[in-house]
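Each chain is listed here by its residues.
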Amino acid sequence: MRYLKYILIIFLLNQSNVNALIEVDITRGNLNPLPIAVSSLSIEKASNEELQKILKKKNIGAEISKVVENNLLTSGLFNPLNKDAFLQKPDIAHLKPRFEDWSLIKAQALITGKVIYENEKLRVEFRLWDVLAGKEMMALAFTTVPTNWRRVGHIITDKVYERLTGEKGYFDTRIIYVSEKGPKTKRIKKLAIMDQDGFNIKYLTLGNELVLTPRFNPTNQMVTYLSYFRNLPRVYLLDIETGIQEVVGDFPGMTFAPRFSPNGKKIIMSFAMDGNSDIYTMDLENRVVERITNHPSIDTSPSYSPDGKYICFNSDRSGYQQIYVMKSDGTKVKRISFGKGLYGTPVWSPRGDLIAFTKLHKGKFYIGVMRTDGSGERLLTENFYQEAPSWSPNGRVLIFYRETKSDSEGKGFSAKLWSIDLTGYNERLVDTETDASDPSWSSLLSN
Amino acid sequence: MGRNIIISSGFHLVVIFITAFSLPFLTKKPIDLPPIVSVELIQITDKTNIPFAPKAKKIIDKIKKKEEEKLTSEQAPPKKVKKEKPDSVPLPDENIEKVKKIEEKKQNPEKLDEEVKQVSEFEKKELFDPNNIAALIDKSKEEFSETDKKTDKITQSQNKDLSNVGLTLNEEDALKAQIFGCWSIPLGLPYNDNLLVRIKLQLKQDGTVVKTEILDHARMNKPGQGFYKVLAESALRAIKMCQPLRVPTEGYERWKELQLNFDAKEMLEG
């Protein structure tokens, strides 16, 4: 009897092979933008009339859907379909979409919504539908003051983006940059802040002092930047919400690019002491300065890894400017860039997997990324002059600035912000009122 | 005591014996290689031999007239036989395929060996039927070639032969190519994680999907696996978009249930 058991097992083993399910491995797909229909958000007549008075917009539902549509388009991952092709009215679609109509125009996902004005508040509902599966994927409602309508559009986009791509969005964010005006030799530079899509621009300084390298605190809406006061470099902290500004300290010689640590409690920067430029940190609570590198070469542009354990920076200790990584206490320094040309402005991705950099090779400037061990270098974009990449909070997009050639008198010069995603294909000009440089991307506002 | 040991050893020997003759890897051994090689050849001939079809027809006519010895000499070596099995994928012109096969045999007479000739002796009759050439070439599949006469499709016989093996490479390629085009891979997935979604399908004969089942469904609700839901949904969308799936025209029993393993890792790692 005992042996029969074994024989049976062996028999079953053989049988299982005979009746095995046929398996097909699908290891490739397309990376084309996902066709998505963004229906106008419906709004009742009474609400619309009230909101028209307040916001001076004909149809705020349509405006919010435009914000969402534009965000999705600029991400490069979605293809918002032309509204003229829509067969179903927004209000009915929001109640129950006729999926056949939407799949007819090749939509794979559908966004519908509704705007209500009640108790002096704007209430926006939206639903995300899977057209092919014929089911609702997500439904949310937001209530806010009417003037916040653009932010509602950004938050909706973040939710949709996260639901459909699996990663956090980056739309409800802001960008701080240096606004530039005037001839090249006599530029007026102001700190400016705007939404990531270029709207709601505000100027934070008057322009009577030179401002450089503003950087967001990754944990809140605080900014650190460098400004020259009576020809002395000063590092400032600026609270964007309150407008309160404070001096972190005066630093001797050349000072560069202050940047926050991931927990926002320290700033890291490089400055020259006794003619030698090294990397230092400053504790923002007790203002204690700590020297991190001590090398006769020029060490600049430090940037923390998201876990705060490592720092990347550039140094010419090998004879040429290259990127190095070290522990946050300054030990175990390791060179990671070995390609031809000069490497600078390394910035660690918020995802922790990549380091973005600027590269100068044969007179051309490149923005690229490499893994944190220096492998897998990819150059995303090439131009006459471009630098200072800054990551979107989800680590998918880089914003940087690009300058054009000018003659000896500075004619033809311009500086503009550009963004590019990690594929290298989705490069876009970020609209600003004036010339712009040194952008820095905030974390998500709605976190 | 001694008797028990003898009985025990006897039973163990029986078990070992049964194991040796029934384990899948042992029984499968001779079938293993051929299908893989064959697909490639057929694909090549599909493209390259079509212009020469008239010439090939003449060759078929000649073959029909040839003596038995000659027929045996035209049998392809075993490997080639298996290569032709994947023909079962529906192709635009079956006649052309058949012609190609014969032509190929004739073009490579130097590859024939004694063993092949001997084995092929019993297949002479079928060789005269142009619809059964593929089966005839397969010296070990005489029985199947008999059944093919009824269906008038060369490749089907081989499909039946492969009913326990899986789809032929041509069939698999056709299905893969279709789904590749439909699957929009979500780009925000953590490519260091397990990005495999296994979906079991129940299909109708025309390739429309009756039922889909995500095999690792439990993963959707696990903490830190939120991306899995996104990935699974994208795979389901791909299946729905692709309907009806490009399935073989025959052998429904073989593929009425399929498992698709969607793995985005390769694409996302770049």
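Since this is a predicted model, take the numbers as computed values, not measurements. (Residues numbered from 1 in each chain as written. Chains lettered and ligands numbered in written order. Predicted model: local features only at pLDDT ≥ 70, side-chain atom pairs only at ≥ 80, totals over all residues.)

**Q** Describe the overall build of chain A, and please don't skip the residues or the numbers.
**A** Within chain A, the secondary structure is distributed over 6 helices and 31 strands. Referenced to the eigenvectors of the C-alpha coordinate spread, the extents of chain A come out at roughly 80 × 80 × 45 Å. Every one of the 447 residues in chain A was classed for burial, and the buried ones make up 45%. Summarising the internal contacts of chain A: among those between residues at least 6 apart in sequence, 44% fall at separations of at least 24. (Helix = DSSP H or I, 4+ residues; strand = E, 2+ residues; numbered from the N terminus. Buried ≥ 20, exposed ≤ 12 C-beta atoms within 10 Å, placed from the backbone. Contact = placed C-beta atoms within 7 Å.)

**Q** Give me the overall build of chain B: which residues, what numbers.
**A** The number of helices and strands found in chain B is 16 helices and 3 strands. For chain B, the proportion of its 270 residues judged to be buried stands at 36%. Considering only residue pairs separated by 6 or more positions, chain B has 75% of its internal contacts joining residues 24 or more positions apart.

**Q** Please provide a residue-by-residue account of unusual backbone geometry, values included.
**A** Residue proline 244 of chain B follows glutamine 243 of chain B across a cis peptide bond; omega there is -10°. In this structure, proline 244 of chain B sits in the loop between α14 (226-242) and α15 (252-255). Residue lysine 332 of chain A is not a glycine yet carries a positive backbone phi of 55°. Positioned with a positive phi, alanine 388 of chain A is a non-glycine residue whose angle comes to about 60°. Relative to the helices and strands, alanine 388 of chain A resides in strand β27 (residues 385-391). Assessed through the 25 C-beta atoms surrounding it within 10 Å, alanine 388 of chain A is described here as buried.

**Q** So what about the sheet that holds strand β31 (residues 435-441) of chain A? Which residues, and what values?
**A** Within a sheet, neighbouring strands are paired by backbone hydrogen bonds and run either parallel or antiparallel to one another. All names here are of chain A. Read across the sheet, 4 strands follow the order β10-β9-β8-β31 without closing on themselves; strand pairing throughout is antiparallel. Of all the strands in the sheet, just β10 (202-203) and β31 have a single pairing partner and so form its edges. Here strand β8 (residues 174-181) runs beside β31; their pairing, made up of 5 bridges, is antiparallel. Bridged to serine 179 within β31 is alanine 436. (Pairing = 2+ DSSP bridges.)

**Q** Any chance you could break down the interface of chain A and chain B for me, citing the residues and the numbers?
**A** On the chain B side, the residues contacting the 29 residues of chain A number 43 residues. Elements with a contribution of two residues or more to the side of chain A that touches chain B: α1 (2-18), β1 (22-26) and α6 (149-165) of chain A. If you tally residues by element for the side of chain A that touches chain B, the top one is α1 of chain A, at 7 residues. By residue class, the composition of the side of chain A that touches chain B is 15 nonpolar, 9 polar and 5 charged. As defined by bridge partners, β1 of chain A adjoins strand β3 (residues 257-263) of chain B across 5 bridges and the pair is classed as parallel. For glutamate 23 of chain A, the partnering residue across the bridge sits in β3 of chain B and is glutamine 259 of chain B. (Nonpolar A, V, L, I, M, F, W, Y, C, P; charged D, E, K, R; others polar.)

**Q** Residue-level account of the confidence of the model for chain B, with values.
**A** All names here are of chain B. Scored by pLDDT, chain B comes out at a mean of 64, with 45% of its residues at no less than 70. Counted against residues more than four places away or in other chains, residues 67-130, with its pLDDT under 50, gives 131 contacts. Per-residue pLDDT stays below 50 along residues 133-162; that stretch engages in 75 contacts with residues further than four places along the chain or on separate chains. For this predicted complex, the interface confidence score (ipTM) comes to 0.72, while the overall pTM stands at 0.72. (pLDDT = per-residue confidence, 0-100.)

**Q** Describe in detail the packing of helix α3 (residues 60-75) of chain A against α6 of chain A, supporting the description with residues and values.
**A** Geometry of a packed helix pair, given as the angle between the helix axes and the separation of the axes. Residue and element names in this part refer to chain A. Put simply, α3 and α6 touch, their axes get as near as 9 Å, and they point 45° apart. Between α3 and α6, the interaxial angle falls into the category oblique. Like other packed secondary-structure pairs, α3 and α6 cross with a definite hand, here right-handed. Along its contact with α3, which presents Ile60, Glu63, Ile64, Val67, Val68, Asn71, Leu72 and Ser75, the element α6 presents Trp149, Arg150, Val152, Gly153, His154, Ile156, Thr157 and Tyr161. Partitioning the contact of α3 with α6 into residue classes produces 9 nonpolar, 5 polar and 2 charged. (Axes fitted to C-alpha atoms, helices over the stretch in contact; angles between N-to-C directions. Parallel < 35°, antiparallel > 145°, perpendicular 65-115°, else oblique. Left-handed = near helix turned anticlockwise from the far one by under 90°.)

**Q** Give a description of the pairing of strand β26 (residues 378-383) of chain A that names residues and reports values.
**A** Successive residues of a regular strand alternate their side chains across the two faces of the sheet. All names here are of chain A. Relative to β26, strand β25 (residues 364-371) runs antiparallel, the two sharing 5 bridges. For valine 369, the partnering residue across the bridge sits in β26 and is arginine 378. Here β25 hands over to β26 after 6 residues, with glycine 374 in that stretch at a positive phi of 95°.

**Q** Can you lay out the packing of helix α13 (residues 169-182) of chain B against α14 of chain B for me, pointing to particular residues and giving the numbers?
**A** Residues and elements named next belong to chain B. Where α13 meets α14, the closest approach of the two axes is 8 Å, and the angle between their N-to-C directions is 115°. Here α13 lies roughly perpendicular to α14, going by the angle between them. Taken as a pair, α13 and α14 cross one another with a handedness that is right-handed. Of the residues in α14, those touching α13 at Gln178, Ile179 and Cys182 are Ala238, Met241 and Cys242.

**Q** Describe the nonpolar core, with residues and values.
**A** Ile36, Ile64, Ala109, Ile355 and Ala356 of chain A together with Leu231 and Ala235 of chain B are the most contacted members of the largest nonpolar core, which has 132 residues in total. With sequence-adjacent residues up to four places away left out, isoleucine 355 of chain A is seen in contact with Cys312, Ile323, Pro346, Val347, Trp348, Ser349, Val369, Met370 and Thr372 of chain A. (Core = buried A, V, L, I, M, F, W, Y, C linked by C-beta atoms within 7 Å.)

**Q** For the sheet that holds strand β12 (residues 222-229) of chain A, give the residues involved together with the corresponding values.
**A** All names here are of chain A. A sheet is described by the order of its strands in space; here 4 strands give the open sequence β11-β12-β13-β14, paired in antiparallel fashion. Only two strands of the sheet have a single partner each, and these edge strands are β11 (211-216) and β14 (245-250). Averaged over all adjacent pairs, the angle separating strand axes in this sheet is 25°, with direction ignored. Two elements, strand β13 (residues 232-239) and β14, share 5 bridges in a ladder whose sense is antiparallel. Following the sheet pairing, arginine 234 is matched in β14 by aspartate 250.

**Q** Which residues make up the environment of threonine 157 of chain A, and what values do they have?
**A** All names here are of chain A. Mapped onto the secondary structure, threonine 157 falls in helix α6. Counting along the chain gives 85 residues from threonine 157 to leucine 72, while the straight-line C-alpha distance between them is 6.9 Å. If sequence neighbours within four positions are ignored, threonine 157 has contacts with Val68, Asn71, Leu72, Gly169 and Phe171.

**Q** Describe the domain arrangement of chain A, with residues and values.
**A** Residue and element names in this part refer to chain A. Partitioning chain A into domains gives domain 1 (34-165) and domain 2 (174-441). For domain 1 and domain 2, the distance between their C-alpha centres works out to 36 Å. The interface is formed by 5 residues belonging to domain 1 together with 8 residues belonging to domain 2. Ranked by the residues each element gives to the side of domain 1 that touches domain 2, the list is headed by α3, at 3 residues. Here the side of domain 1 that touches domain 2 is composed, by residue class, of no nonpolar, 4 polar and 1 charged. (Domains from an automatic or database assignment.)

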